[in-house]
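Each chain is listed here by its residues.
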Amino acid sequence: MSAKSQFESHKQRFFNHLLTGMKCPTLIKAIEQDLVLGLAVVIQIVSTNEELLKRRLDEVPASEWQDLNLDLTPREYLMDYLMSAFPVHLHSIHSGVDGEERSEPVFDADGSPVISQEAVALRDALVDKLACLDPIPGALEQLLWHFGNKQVAEVTGRSKRVLKDDSGRLFVDSRGSGANIAETAAFMADEKQILIFSDAGGTGRSYHADLNAVNRRRRSHYLLEAGWRADNAIQGLGRSHRTNQASAPVFRPVTTNVIGERRFISTIARRLDSLGALTRGQRQTGGNGIFEAKDNLESNYAEHALYELFRQIYQGRFYEVPLGTFEQMTGLSLTSHEGGMKIDLPPLRQFLNRLLALRIDMQNVIFERFELLLSQQIEAARAAGVYEMGVETLRAERFTVLSQEAVYTHAQTGSVTNYLKVERNQKNNIRTAEEMLEFATQYQGKLMINSKSGNAAVSIPTHSIYDSEGGVVPRVLLIRPQKETRVPIQDLESSTWGQVSIDAFAAAWSTEIDALPKFTTDYLHLVTGILLPIWKILPQQNSRVFRLQTSDGQKILGRVVNGNDIKSVAEQLGLKDKLLSKQELVSLVLNEGYSQQLPGGVTLRRSYIATEPRIELVNAISLAERLLAVGCFTEIINWRKRVFIPVSDRAPTILAAVIEILG
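Owing to the predicted nature of the structure, the values given are computational and were not obtained by experimental measurement. (Residues numbered from 1 in each chain as written. Predicted model: local features only at pLDDT ≥ 70, side-chain atom pairs only at ≥ 80, totals over all residues. Heavy atoms only, no water.)

Enquirer: Quick one: what's the story with the packing of aromatic side chains, residue by residue and with numbers?
Expert: Under the defined criterion, the tally for this structure stands at 8 aromatic pairs. Relative to Tyr207, the ring of Phe197 has its centre 5.0 Å away and its plane inclined at 40°; by these criteria the two rings are tilted. Of this pair, Phe197 sits in strand β7 (residues 194-198) while Tyr207 sits in the loop between α7 (199-202) and β8 (219-224), placing them 10 residues apart in sequence. Taking relative accessible area as the criterion, Phe197 reaches 2% and is therefore assigned buried. Aromatic side chains Phe439 and Tyr443 sit 4.8 Å apart centroid to centroid with 40° between the ring planes, which places their arrangement in the tilted category. Of the aromatic side chains, those joined through ring pairs into one cluster are Phe310, Phe326, Phe351, Phe367 and Phe370. Across the ring face of Phe318, the terminal group of Arg369 is positioned such that the distance to the ring centre comes to 4.2 Å. Above the face of the Phe439 ring, Arg431 is positioned so that its terminal group lies 5.1 Å from the ring centre. (Phe/Tyr/Trp six-rings, centres within 6.5 Å; stacked < 30°, edge-to-face > 60°. Helix = DSSP H or I, 4+ residues; strand = E, 2+ residues; numbered from the N terminus. Buried < 20%, exposed > 50% of the residue type's maximum accessible area, 1.4 Å probe, protein only. Lys NZ or Arg CZ within 6 Å of the ring centre and 35° of its normal.)

Enquirer: Give a detailed account of unusual backbone geometry, specifying residues and quantitative values.
Expert: Here the phi dihedral of Asn638 falls at roughly 55°; this positive angle occurs in a residue that is not glycine. Position of Asn638 among the secondary structure elements: in the loop between β26 (633-637) and β27 (640-645).

Enquirer: Could you give an account of the nonpolar core, with specific residues and numbers?
Expert: Here is a general trend for soluble globular proteins: nonpolar side chains tend to be buried in one another's company. The biggest cluster of nonpolar side chains holds 35 residues, and the ones touching the most others in it are Tyr419, Leu617 and Ile645. Elements represented by at least two residues in this core include exactly α18 (566-572), α19 (582-592), β25 (612-618), β27 and α21 (651-662). The dominant element in this core, judged by the number of residues it contributes, is α21, at 6 residues. Each residue touching Leu617, except ones within four places of it in the same chain, is listed here: Leu598, Val602, Thr603, Leu604, Leu627, Cys632, Val643, Ile645 and Val658. Grouped together as the second largest cluster of nonpolar side chains are 29 residues, Ala305, Ile313, Met362 and Phe370 included. (Core = buried A, V, L, I, M, F, W, Y, C linked by side-chain atoms within 4.5 Å. Contact = heavy atoms within 4.5 Å.)

Enquirer: Break down the environment of Pro599 for me, citing the residues and quoting the values.
Expert: Relative to the assigned elements, Pro599 resides in the loop between β23 (596-597) and β24 (603-609). Through-space distance from the C-alpha of Pro599 to that of Val658 is 10.0 Å; in sequence the pair is 59 residues apart. In this structure Pro599 touches Leu662 and Gly663, once residues within four positions along its chain are discounted.

Enquirer: Let's hear about the side chain of His221: which residues, and what values?
Expert: Among the secondary structure elements, His221 is positioned in strand β8. Assessed through its relative accessible area of 0%, His221 is described here as buried. If near-sequence neighbours (up to four positions away) are discounted, His221 is found in contact with Val42, Gln44, Phe197, Gly236, Leu237, Ser240, Val250, Phe251 and Arg252.

Limitation: the analysis is restricted to geometry and does not speak to function.
Printed below as a string of structure tokens:
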């Protein structure tokens with residue numbers, strides 16, 4: 001390893017150490033809350049340097065052990081490499097025959113490198129600044145000193161550690177070879193509530209809520225100082241999540257408000273996704289729901305977000321970061337020799353790594369824009385129904401197969417492709433007014449009522465999006481009893497939604513949820529069995545695969561057919577006689593935006609009026625009187641009369657009557 005690489009390595013370790021000091025107050029508070037909730041706490045420290053602490057303790061005289069400012073940081077290593085590896089040699093810029101500029105060292109008449117006095121002054125200033133930093137105890141010390149070694153089980157490779165006695169005085173504790181076994185046993189026997197382990201102490205051990213252990217409380221697993229080596233972090237996550245456990249752990253990756261640290265969490269998320277794809281053939285298996293989609297900064301959606309970020313920077317739509325400033329700070333070029341935007345743009349990993357070298361304020365600005373663009377990509381994919389999640393496991397109160405028909409038989413193997421229609425009955429997760437008031441208090445929400453419909457909602461802040469000009473569009477998340485909608489603040493302010501008092505909100509919310517059904521029924525259309533021979537017949541835009549188990553124990557794995565594709569797929573498979581039921585039509589229109597041409601040139605579709613979905617009959621105004629007689633209603637919107645079917649339990653019956661009128 002070169003001197004410069006060693007300097008960078010130790011510098012990063014030193015700053016990680018300082019960042020750990022920033023994390024610990026928040027971490028300690030979170031652990032205390034978990035203990036109040038009766039959770040067992042597991043803390044995984046990935047990048048701790050146990051050998052360094054041992055050497056430092058050997059160097060410190062025993063008389064200094066009582067010093068509360070005992071410096072156990074790798075300060076001298078950082079300073080040594082700073083003095084030897086800081087670039088102080090003068091360089092000059094030369095242009096090659098290809099037009100590319102390159103930097104070359106400058107030598108004097110004797111052939112010795114010329115020293116830049118400006119660089120020397122910068123190095124000395126940095127040394128002076130680092131020398132003034134107060135020592136910060138490591139994460140292990142802070143946790144042990146706060147909670148006490150009688151409550152914390154430490155499973156690491158340390159043979160010595162610094163502890164505090166009851167009077168607050170420091171002392172060095174020597175640990176024997178069997179200390180880790182005893183500490184693990186104490187935690188599993190519920191004699192100690194917190195367990196801290198590192199790579200050196202965690203190999204081959206289990207810390208899960210084993211059904212055979214006394215401590216079967218749910219684990220709260222904190223991942224601290226994840227570092228670059230994702231495999232170490234992943235291995236550690238498996239220590240508290242194993243078979244024969246009473247409950248699965250809650251994983252909590254810990255970072256500071258330096259957004260660049262998300263880079264390390266992203267590597268772990270990507271590796272877990274890859275692990276799931278390799279072991280079970282489905283991407284979310286390895287991650288097991290630990291991370292959200294936006295935590296993986298190296299996905300296909302992140303690639304699209306990065307391209308949009310580069311385009312905004314190049315086109316001058318990212319006002320805080322001009323193109324020249326970005327290229328100078330990161331060393332990444334977005335401009336081609338011809339003066340346009342490059343086709344072969346810098347790769348995603350290189351972009352993420354370069355951001356870590358920026359100043360914290362600029363790093364946060366660029367990362368925030370990149371993450372918002374990533375969230376926008378994922379949200380758009382989900383709204384379009386094309387978000388890739390691998391094999392999705394559906395859960396409901398009951399699945400019932402209403403019909404099953406063989407549509408293809410493979411001549412050589414006899415394997416059959418079936419078209420299934422499945423009824424899904426699921427319980428509605430309806431929160432009470434008291435729960436929503438508590439939720440609004442927790443997330444700085446506002447209590448809202450729609451003056452036209454009388455419906456209630458809670459609006460909370462959510463991530464913004466960017467318009468075509470690069471401007472920020474602030475939004476709120478509007479939470480209703482059975483759905484959530486992200487709405488631009490400008491649209492909300494111009495709508496019929498308004499803020500109300502607690503009593504008015506509670507009354508409106510309670511009235512609305514009292515009228516809601518306890519269960520919701522909808523329908524799934526699945527193609528199961530052998531799929532490759534008919535793959536081209538199925539929709540190419542969406543290839544979501546579902547797994548479910550019916551109420552009679554039958555397990556089903558197949559491709560779902562979206563509402564807009566049901567008619568065309570049924571015709572392709574020779575199922576022209578299979579018509580959708582009226583209840584199913586209503587469900588598809590409202591939930592999936594399905595539209596269907598009815599007799600007489602009338603179109604059945606979903607329309608949004610003041611952010612509320614409605615079932616509209618387009619081109620039916622000439623039959624308005626007859627349609628009103630069977631339960632439809634009309635409304636003048638923007639000086640134009642339109643016909644709607646009420647969104648209620650009567651909608652399927654009214655739709656049947658409408659189709660009969662249309663003939």
